[in-house]
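Each chain is listed here by its residues.
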Amino acid sequence: MTNFKKLLLAAAVAVPAIVVANSTSAQTVAVANPDQAVANSRAWATARTQIETTYKAQIDQANARREAIGRELQPLVTAFNTARAAPNANQAALQTQAQTIQTREQAAQQELSRITLPAQRAQAYVVEQISGRLPEAVQAVVRARNVSLLVRPDAALFAAPAADVTAAITTELDRLVPSVGINPPANWQPGQQQQGAAAPAAATPAATTPAARPANTGR
């Protein structure tokens, strides 16, 4: 399933890295992680459980298929590593082996993405509903705490724990978005409600195989 963080990054456009409040009184600088604020919300936790239940068959199918693909790829990876370690390894043959592995991995990823697509779509819909209220939640916290400058943690050289208002933003999100639906309209497409979003850990497994991709393939 699409990684929640990627979804949140899509919503990040709605919340700039730096928020400045129009305040003339004592100024306060704070930090906040909007991605984490959404990930910690009750609406997301509830929706994630609902998605895992509703799409359990597809998730289980994807997990089983991922394990099978890993077993199919492992002999190819082992053969590649053995050939690569041999003296005077044939680079052309190694390139062919690496290409075969990568092609099969890509096909596997596409297959797993198709299996988990309904769950991915539901997750994207949930994230968009919550993150759509994120700017409002941020502004409410900024006003309540008289914050004049709000930055993301990775933009601050140092920030004391007391300066982090992420939990306060989550609390505000819980008030603004107590619950969300997991069934998007038939014609819904991600980004229709807003132009960006960030999100928590994926409810369904990512469409990747467990087999390690060979290194130093010359590509």
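Structure shown above.
Regarding the overall build of the chain
Argument step 1. Counting secondary structure elements, the chain contains 7 helices and 3 strands.
Argument step 2. Taken from the N to the C terminus, the helices and strands of the chain come in the order α-β-β-α-α-α-α-α-β-α.
Argument step 3. The proportion of buried residues among the 219 residues of the chain is 42%.
Argument step 4. In the chain, the proportion of contacts linking residues at least 24 apart, taken out of those at least 6 apart, comes to 94%.

Some thoughts on the nonpolar core
Argument step 1. Val-126, Ile-130, Leu-150, Val-165 and Ile-169 are the most contacted members of the largest nonpolar core, which totals 30 residues.
Argument step 2. Apart from the residues lying within four places of it in its own chain, the contact partners of Ile-130 are Val-38, Ser-41, Ala-43, Trp-44, Leu-173, Val-177 and Val-180.
Argument step 3. Ala-62, Ile-69, Leu-73 and Ala-108 belong to the second largest nonpolar core, which has 6 residues in total.

Regarding helix H3 (residues 42–54)
The periodicity of an α-helix, 3.6 residues per turn, causes residues three or four places apart in sequence to face the same way.
Argument step 1. When the terminal C-alpha atoms of H3 are compared, their 18 Å separation across 13 residues agrees well with the 18 Å that a helix rising 1.5 Å per residue should span.
Argument step 2. All of the buried residues in H3 are Ala-43, Trp-44, Ala-47 and Ile-51. Here the buried residues of H3 occupy an arc of 90° about the axis, which is enough to place them on one side. In H3, the exposed positions that point more than 90 degrees away from the buried face belong to Arg-42 and Thr-53.

Some words on the side chain of Arg-66
Argument step 1. In this structure, Arg-66 sits in helix H4 (residues 56–85).
Argument step 2. At 7.6 Å, Glu-67 is the nearest oppositely charged side chain to Arg-66, a buried residue that forms no salt bridge.
Argument step 3. Of note is the side chain of Arg-66, whose polar atom sits 3.2 Å from the side chain of Asn-63.

Considerations on the packing of aromatic side chains
A ring pair, where both rings are aromatic, is described by two values, the distance of the centres and the angle of the planes.
Argument step 1. Tallying each qualifying case throughout the model produces 1 aromatic pair.
Argument step 2. With 5.2 Å between their ring centres and 70° between their planes, Tyr-125 and Trp-188 make a pair best called edge-to-face. Placement of Tyr-125 in helix H5 (residues 91–131) and of Trp-188 in the segment after helix H7 (166–176) is noted, with a sequence separation of 63 residues between them. Accessibility assignment for this pair places Tyr-125 and Trp-188 in one class, buried.

A short note on the packing of helix H6 (residues 134–144) against H7
Argument step 1. One can describe the packing of H6 onto H7 by two numbers: an axis separation of 9 Å at closest approach and a directional angle of 125°. In terms of orientation, H6 and H7 fall into the oblique class. Remark: the crossing between H6 and H7 carries right-handed chirality. Side by side, H6 and H7 meet where Leu-134, Glu-136, Ala-137, Val-138, Ala-140 and Val-141 of the first sit next to Ala-168, Ile-169, Glu-172, Leu-173 and Leu-176 of the second.

As for the pattern of salt bridges
For side chains of opposite charge, pairing can occur when their charged atoms come near one another.
Argument step 1. This structure, assessed with the given rule, holds 7 salt bridges.
Argument step 2. Across the salt bridge formed by Asp-174 and Arg-42, the nearest N and O atoms sit 3.4 Å from each other. Of the two residues, Asp-174 is situated in helix H7 and Arg-42 in helix H3; the sequence distance between them amounts to 132 residues.
Argument step 3. Across the salt bridge formed by Glu-72 and Arg-65, the nearest N and O atoms sit 3.4 Å from each other.
Argument step 4. For Glu-72, a relative accessible area of 44% gives the class partly exposed.
Argument step 5. Given a relative accessible area of 25%, Arg-65 falls into the partly exposed group.

Description of the environment of Ala-140
Argument step 1. Here Ala-140 shows up in helix H6.
Argument step 2. The buried category is assigned to Ala-140, whose relative accessible area is 15%.
Argument step 3. The spatial distance from the C-alpha of Ala-140 to the C-alpha of Ala-168 is 9.5 Å, given a sequence separation of 28 residues.

Basis of the calculations
Residues numbered from 1 in each chain as written. Predicted model: local features only at pLDDT ≥ 70, side-chain atom pairs only at ≥ 80, totals over all residues. Heavy atoms only, no water. Helix = DSSP H or I, 4+ residues; strand = E, 2+ residues; numbered from the N terminus. Buried < 20%, exposed > 50% of the residue type's maximum accessible area, 1.4 Å probe, protein only. Contact = heavy atoms within 4.5 Å. Core = buried A, V, L, I, M, F, W, Y, C linked by side-chain atoms within 4.5 Å. Expected span 1.5 Å × (residues − 1). Arc of directions from axis to C-beta. Lys, Arg positive; Asp, Glu negative; His and termini not counted. Salt bridge = Lys/Arg side-chain N within 4 Å of Asp/Glu carboxyl O. Polar contact = N/O pair within 3.5 Å; in protein donor to acceptor, adjacent residues only side chain to side chain. Phe/Tyr/Trp six-rings, centres within 6.5 Å; stacked < 30°, edge-to-face > 60°. Axes fitted to C-alpha atoms, helices over the stretch in contact; angles between N-to-C directions. Parallel < 35°, antiparallel > 145°, perpendicular 65-115°, else oblique. Left-handed = near helix turned anticlockwise from the far one by under 90°.

None of this, on its own, says anything about what the molecule does.
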